[in-house]
Amino acid sequence: MFTLKDNKEIGAYLSKLIRARGYKSDRAFCKAYLEHEHREANDDEVRKMANRMSQMLRGAKGKGIQVYDLPVFCDLLGVTCEEILSAGTSFVQNGSRVTNYSIAFSKNPKVWEDYINREDKLILNPDEYGKTLIDYALDFKNYKLIKYLIKKNYIWFDSGKKDRYCMTFGAGTSIERRNPIDVDTFFQYTKLQEEQLRMDVIALAVKNKDKQILDELKAREIPELYYKVNFWNCSQLDFYENYSEDMIEQVIGASDEILDYFTDSFEIDLRIKFKDGIKRSNRFIFPYISEVLDGLIENNHSFTHIALKKCIKHNKKTYESLKKMIEESIEKELERYNFGDDEYLKQCRPEAINRVLSDFEYNENGRIIAFRGFAVGTGIVTNIACTNAESKDVKIQYLINELKKYFDKIVDIAAEYRLEDK
């Protein structure tokens, strides 16, 4: 049994399916519809079909999907009537043929294991719609299957080799390919390397309150942090290239335990080795923490005050560390002008300050700051939190103002020294 969705929801889901199945436009799908029914697919007929399809996809009143459309849609899109009419909230196995689609329905580890060990390695290849087993498992919210693949080490999203982190954390699979070596490569070298896939799995792990898997997925981190931290640099950075709205929505609505995990700060070690042998690292918070704060405040979530306090603590500590490093760097720079003449040294101070502050960077994309200290091996790279949301709760609004205060002090830190010069 499933719930019949309204015309708008069905139309929106149909539009999504049409794109997912590789049709470049609605007209291309209309042409395929006509050809499927052995009807004339000339420009005039395609136009008529496209007009009807447009009303259907918009969910126009009285212009919803018709009974005679369903068999054609199901065949062309490779889905069941239940999936279409429920707008993707109810799935039924389509046929008895063993496919990525059919296995994704199973809850039986024996079935999964048999499929993994098939000689034709269907699991490593996309089907006729370009979708893999894990794509369908995510569609059907079959978390048990995804977790099984992770726990059995059939797939991983973190290789553990930090020196190779770049655009991904080094996702891979232990499922053996067939010979020759250049077959069955799609799953490992295309699908698993999509950072968006990791985000989708994170969203499902959050929904299932699975903190252990979140740790294994490095759910609070993104690969970009690892190569930026080694260069004390925040330019040419795109935190939002693989932004997942679904993942953020899941985090905002998560339990206090999961929110506690996502609002904790964490350290990333530098790969650079310094002569003094001291291991250095930088502390970050969840790259999308500001969006999470916005959602928590707007939803009056009970965890809001804790999240704000943790973010204030991070911003305040960042400000204090940055301020200290700038002061130390100014003194280091002034050593070049120290000839025993205090008046001359005072005159040189503005130039030294400008030189030091020129090494401070702020990138609004990700709210990340960077400063390379003048002393060897010093510097800071981190992201800071802010929120544009407001609250009628006086205590929450006070915390919001505190957060913004330290955020502004960091971003405008040069202003403190301009005031000093005056």
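Our structure is the block above this text.
Below: a short report on this structure. Just so it is clear, the model here is predicted, and its values are computed rather than measured.

## As for the overall build of the chain
Each helix and strand in the chain was counted, giving 20 helices and 7 strands. Seen through its principal axes, the chain has C-alpha atoms that stretch 95 × 55 × 45 Å. Taking all 422 residues of the chain together, 49% fall into the buried category. A fraction of 63% describes how many contacts in the chain between residues 6 or more apart in sequence connect residues 24 or more apart. For the chain, the exposed area adds up to about 21800 Å²; of that, 48% sits on carbon and sulfur atoms. The averaged location of the 70 negative side-chain charges in the chain is 2 Å from the averaged location of its 66 positive side-chain charges.

## What to know about the nonpolar core
The biggest cluster of nonpolar side chains holds 105 residues, and the ones touching the most others in it are Phe 157, Ile 202, Leu 214, Met 247, Phe 262, Leu 322 and Ile 326. Per element, the largest residue contribution to this core is 9 residues, and it comes from helix H17 (residues 304-334). What Phe 262 contacts, discounting residues up to four positions off in sequence, is Ile 202, Val 206, Leu 214, Ala 219, Arg 220, Val 251, Phe 286 and Ile 289. Within the second largest apolar cluster, 28 residues are counted, among which are Tyr 13, Leu 76, Val 79 and Ile 84.

## Considerations on the layout of surface pockets
Picture a little ball the size of a water molecule; that probe, rolled over the atoms, points out where space is still empty. Roughly 840 Å³ of internal volume is contained in the largest pocket. Contributing to the lining of the largest pocket are 30 residues, with Lys 16, Leu 138, Asp 139, Lys 141 and Asp 200 lying nearest its centre. Breaking the lining of the largest pocket down by element, the ones donating at least two residues are helix H1 (7-20), helix H8 (133-139), helix H11 (195-207) and helix H14 (245-252). Ranked by residue count, the leading element in the lining of the largest pocket is H11, at 6 residues. Here the residues of the lining of the largest pocket sort into 13 nonpolar, 5 polar and 12 charged.

## Thoughts on the sheet that holds strand S6 (residues 368-372)
What the 3 strands build is an open sheet, ordered S5-S6-S7; its pairing is antiparallel. The open sheet is flanked by strand S5 (360-363) and strand S7 (379-383), the only strands paired with a single partner. In this sheet, neighbouring strand axes are inclined to one another by 10° on average, regardless of whether the strands run parallel or antiparallel. Alignment of S5 against S6, held across 4 bridges, turns out to be antiparallel. Looking at the pairing, Tyr 362 lines up with Ile 369 of S6. Its contacts with the sheet put H17 on S5, S6 and S7, and the angle it makes with S7 is roughly 155°.

## Observations concerning the environment of Pro 126
Position of Pro 126 relative to the elements: it lies in the loop between helix H7 (109-116) and H8. If sequence neighbours within four positions are ignored, Pro 126 has contacts with Asn 100, Lys 131, Thr 132 and Phe 186.

## Thoughts on helix H2 (residues 26-36)
Buried within H2 we find Phe 29, Cys 30, Ala 32, Tyr 33 and Leu 34. The inward-facing, buried residues of H2 contact H1, helix H3 (43-58) and helix H4 (70-77).

## Quick look at the pattern of salt bridges
Considering all chains together, one arrives at 26 salt bridges under this definition. Across the pair Lys 110 and Asp 114 runs a salt bridge, and its minimum N-O distance is 2.8 Å. Here the residue Lys 110 and the residue Asp 114 both occupy positions in helix H7, the gap between them amounting to 4 residues, near one helical turn. Judged by relative accessible area, which is 40%, Asp 114 ranks as partly exposed. Between Glu 416 and Lys 323 there is a salt bridge, with its nearest N and O atoms 2.6 Å apart. Here Glu 416 is found in helix H20 (residues 413-421), whereas its partner Lys 323 is found in helix H17, with 93 residues between them in sequence. A relative accessible area of 24% places Glu 416 in the partly exposed class. A relative accessible area of 22% places Lys 323 in the partly exposed class. Each member of the salt-bridge network shares a partner with another, and the members are Asp 44, Glu 45, Arg 47 and Lys 48.

## Concerning unusual backbone geometry
Apart from glycine, the bulk of residues carry a negative phi angle, and the bulk of peptide bonds sit in the trans form. For the bond from Asn 179 to Pro 180, the omega torsion is 0°, close enough to zero to count as cis. Position of Pro 180 relative to the elements: it lies in the loop between strand S2 (172-173) and helix H10 (186-191). Of note, the phi angle at Lys 218 is positive, near 50°, even though the residue is not glycine. By the secondary structure assignment, Lys 218 is in the loop between helix H12 (211-216) and helix H13 (224-228).

Cut-offs and rules
Residues numbered from 1 in each chain as written. Predicted model: local features only at pLDDT ≥ 70, side-chain atom pairs only at ≥ 80, totals over all residues. Heavy atoms only, no water. Helix = DSSP H or I, 4+ residues; strand = E, 2+ residues; numbered from the N terminus. Buried < 20%, exposed > 50% of the residue type's maximum accessible area, 1.4 Å probe, protein only. Contact = heavy atoms within 4.5 Å. Areas by Shrake-Rupley, 256 points an atom, 1.4 Å probe, with all protein chains shown as cover. Lys, Arg positive; Asp, Glu negative; His and termini not counted. Charge placed at Lys NZ, Arg CZ, Asp CG, Glu CD. Core = buried A, V, L, I, M, F, W, Y, C linked by side-chain atoms within 4.5 Å. 1 Å grid on protein atoms, 1.4 Å probe; cavity = no way out; pocket = protein on both sides within 12 Å on 5 of 7 lines; lining within 4 Å. Points joined across faces, edges and corners; volume = space filled by probe spheres on them. Nonpolar A, V, L, I, M, F, W, Y, C, P; charged D, E, K, R; others polar. Pairing = 2+ DSSP bridges. Axes fitted to C-alpha atoms, helices over the stretch in contact; angles between N-to-C directions. Salt bridge = Lys/Arg side-chain N within 4 Å of Asp/Glu carboxyl O.

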